[in-house]
Amino acid sequence: MYKLAVLGAFLVLWFSGLSQCTTAHAGDEPPSNVTSDGVPKPDDPKAVDKAMCHRLIDAALRDAQLILWAEDGASAYCEIALVQAMVGDTAGASQSLELAKATAARVCKESQQDSLFHQIALAYAKSRHIPEATALASSYQVYGYSQAAEKKRADLYCEILIAHVKRGEIRQARAIAAQLSSELESAYCALAIAQANAGDIIGANATMDRLILMSGKSTNSYKRGPAYAAIVAAQMKAGDIAGAKATVDKCGSRDVCREMAIGYVKMGDFARAKATAAQLDDSRERAMFYTELAVAQAESEDLVAAQATAEQISDSDDKNSVWLQLALVQARAGDLAGAKLMLGQSDIDKTTERYTEQWVWVYCETSIAQAKAKDEAGARQSLDLATTMAGKYYRRLVSAYGRIVAAYAKRDQIAEAIRFSTDASDDPRERCSWLVKAVEELVQTD
């Protein structure tokens, strides 16, 4: 009797739960814990993006299997592996790279095969599969001995070095840097940048001091500017202004001065940012600073100041880039009219790919903002404008179509994103590139 009573209670609870689940899905609107096409949403907002990413990656893998040319197929699997690593799917990335190797082996031309295996080895390193990357680095032959070939090999070992730093394996990273005698400067600078990016300011400075002792060159070598700039960026992020000033005085590189000025911008201290940037005598460095400043001013809703900052840039291409960034700030606020006003000030050639890509980007960002504001009609219209704009060009642009796919995904419409990709092209290599680009866009918003 006791067992029957327990079984009866279990069945009552089971049917009750089933009834609640059915009722919850009976309406026109999906429940709040699922996307519009029925995918469950985890509690963590970032986990929602990961679930979306996995569905896009699965679609990309299906397309990769349909690619006829081995060279294109191997490259596609490398691209997929990198985004799998971005979302934490290291096992999936490893499987994709095994497929890339098997596909690359079918390529007949030696130089093409060599280039593919270099790409695969880089992908292994970037996805932190260090043993596999190291094995490939030591086994494959660089086609034709030359200084360029040696640079490719050094670049690969630098990626392996960076992977060690990201895993906290500093000793192994230093050992690799010490072995690259032909590219000692590049190796130690790469190590210092990786340490600074990881927040290890003391370690990064120690690496650069060691390089100076080993090479005997001064701190302001042009190759070392980016490394000291990364250290200053880390110091400013940590609020160590005195340390950043000391690094600027020590190095004197324009990269370093620029990073300190940008650091002030990120802290909201625009006055000190401008005073620091006044030391920049290079127009390109000033343009990079003014871009950061103008965007920060626009995000703080001071559009007049942002436009005035943009006008201080002398180079036409650099100024056009700022107008795009200001347009995107407006688009992300859902202000399509304001975005058009900003981008309309650009004098970019309307017949170029860049013009098309910029407008598609603005329409996509506007659509996402409108969807968040529950303006579904406006969001659909903006995305239709993006699609029309992209379709006018004689080539299917990876960045433009990838952003459209990502815009669907960011609106929780994964099925529509994949369907758009399928309907827009009968070339699986194109579709694969768009889906990978869409995953990159989703991960960058995390």
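Predicted model only: the values in this text are computed from it and were never measured. (Residues numbered from 1 in each chain as written. Predicted model: local features only at pLDDT ≥ 70, side-chain atom pairs only at ≥ 80, totals over all residues. Heavy atoms only, no water.)

(A) Geometry of the overall build of the chain. The number of helices and strands found in the chain is 23 helices and 0 strands. Looking at the chain as a whole, 49% of its 446 residues are labelled buried. Taking contacts inside the chain between residues at least 6 apart in sequence as the whole, the part at least 24 apart equals 57%. (Helix = DSSP H or I, 4+ residues; strand = E, 2+ residues; numbered from the N terminus. Buried < 20%, exposed > 50% of the residue type's maximum accessible area, 1.4 Å probe, protein only. Contact = heavy atoms within 4.5 Å.)

(B) Looking closely at the confidence of the model for the chain. Averaged over all residues, the pLDDT of the chain is 83; the fraction at 70 or higher stands at 84%. Ranking the elements of the chain by mean pLDDT puts helix α1 (residues 2-24) last, at 40, and helix α3 (residues 70-86) first, at 95. (pLDDT = per-residue confidence, 0-100.)

(C) Local environment of a negative patch on the surface. Taken together, Glu71, Asp72, Asp426 and Asp427 make up a surface patch of like negative charges. Within the element layout of this structure, Glu71 appears in helix α3. The partly exposed category is assigned to Glu71, whose relative accessible area is 33%. (Patch = residues over 30% accessible without salt bridge, like charges linked within 9 Å, V, L, I, M, F, W, Y side chains within 5 Å. Areas by Shrake-Rupley, 256 points an atom, 1.4 Å probe, with all protein chains shown as cover. Salt bridge = Lys/Arg side-chain N within 4 Å of Asp/Glu carboxyl O. Lys, Arg positive; Asp, Glu negative; His and termini not counted. Charge placed at Lys NZ, Arg CZ, Asp CG, Glu CD.)

(D) The packing of aromatic side chains, seen in detail. Tallied over the full model, the rule gives 6 aromatic pairs. Each ring, one from Tyr401 and one from Phe420, has its centre 5.9 Å from the other, and the planes form 25°; the classification is stacked. Pair noted here: Tyr401 is in helix α21 (residues 398-410) and Phe420 is in helix α22 (residues 414-424), with a separation of 19 residues, a long-range link. Judged by relative accessible area, which is 12%, Phe420 ranks as buried. (Phe/Tyr/Trp six-rings, centres within 6.5 Å; stacked < 30°, edge-to-face > 60°.)

(E) Looking closely at empty space enclosed by the protein. Throughout the structure, instances matching the rule amount to 1 cavity of 30 Å³ or more. Of the voids in this model, the largest cavity is the one considered here, and its volume is about 30 Å³. If you trace the largest cavity, you find it lined by Trp361, Cys364, Glu365, Ile368, Arg403, Ala406, Ala407, Lys410 and Glu441. Sorting the residues of the lining of the largest cavity by element identifies α19 (353-372) and α21 as the ones contributing at least two each. Here the residues of the lining of the largest cavity sort into 5 nonpolar, no polar and 4 charged. (1 Å grid on protein atoms, 1.4 Å probe; cavity = no way out; pocket = protein on both sides within 12 Å on 5 of 7 lines; lining within 4 Å. Points joined across faces, edges and corners; volume = space filled by probe spheres on them. Nonpolar A, V, L, I, M, F, W, Y, C, P; charged D, E, K, R; others polar.)

(F) Focus on unusual backbone geometry. At Lys374, a position not held by glycine, the phi torsion is positive, near 70°. Summarising the element assignment, Lys374 is placed in the loop between α19 and α20 (376-392). The class of Lys374 is exposed, set by a relative accessible area of 75%.

(G) Structural context of the side chain of Thr207. Mapping Thr207 onto the fold places it in helix α10 (residues 201-215). Assessed through its relative accessible area of 3%, Thr207 is described here as buried. Not counting residues up to four positions away in its chain, the partners in contact with Thr207 are Tyr188, Leu191, Ala192 and Gln195.

(H) Seen up close, helix α12 (residues 241-251). Ile241, Gly243, Ala244, Thr247, Val248 and Cys251 are the residues of α12 that are buried. The buried residues of α12 occupy one face: seen down the axis, they fall within an arc of 160°. Counted as exposed and oriented over 90 degrees from the buried face of α12: Ala242 and Asp249. On its buried face, α12 sits against α11 (225-237), α13 (254-267) and α14 (270-277). (Arc of directions from axis to C-beta.)

(I) Just the nonpolar core, in detail. Ranked by size, the top nonpolar core spans 138 residues in total, and within it Leu56, Ile120, Ile160, Phe289, Leu326, Val362 and Ile404 carry the most contacts. In terms of residues, this core owes the most to one element, helix α9 (residues 184-197), which gives 9 residues. For Leu326, the contacting residues outside a window of four places in its chain are Ala294, Val295, Ala298, Ala306, Ala310 and Met342. (Core = buried A, V, L, I, M, F, W, Y, C linked by side-chain atoms within 4.5 Å.)

(J) Fine view of helix α8 (residues 170-179). Buried within α8 we find Ala173, Ile176 and Ala177. Looking straight down α8, one finds that the buried residues subtend no more than 100° of arc, so they occupy a single side. Facing away from the buried side of α8 by over 90 degrees, the exposed positions are Arg171 and Gln179.

(K) Spotlight on the pattern of salt bridges. Under the criterion given, the structure shown has 18 salt bridges. For Arg431, the salt bridge goes to Asp63, with nearest N and O atoms at 2.8 Å. Placement of the pair is Arg431 in helix α23 (residues 428-444) and Asp63 in helix α2 (residues 45-64), with a sequence separation of 368 residues. You can call Asp63 buried: its relative accessible area is 9%. Residues Arg332 and Glu365 are paired through a salt bridge, measuring 3.3 Å at the closest nitrogen-oxygen approach. Residue Arg332 is found in helix α17 (residues 316-332), and its partner Glu365 is found in helix α19; the two are separated by 33 residues along the sequence. By relative accessible area, Glu365 is classed as buried at 10%.

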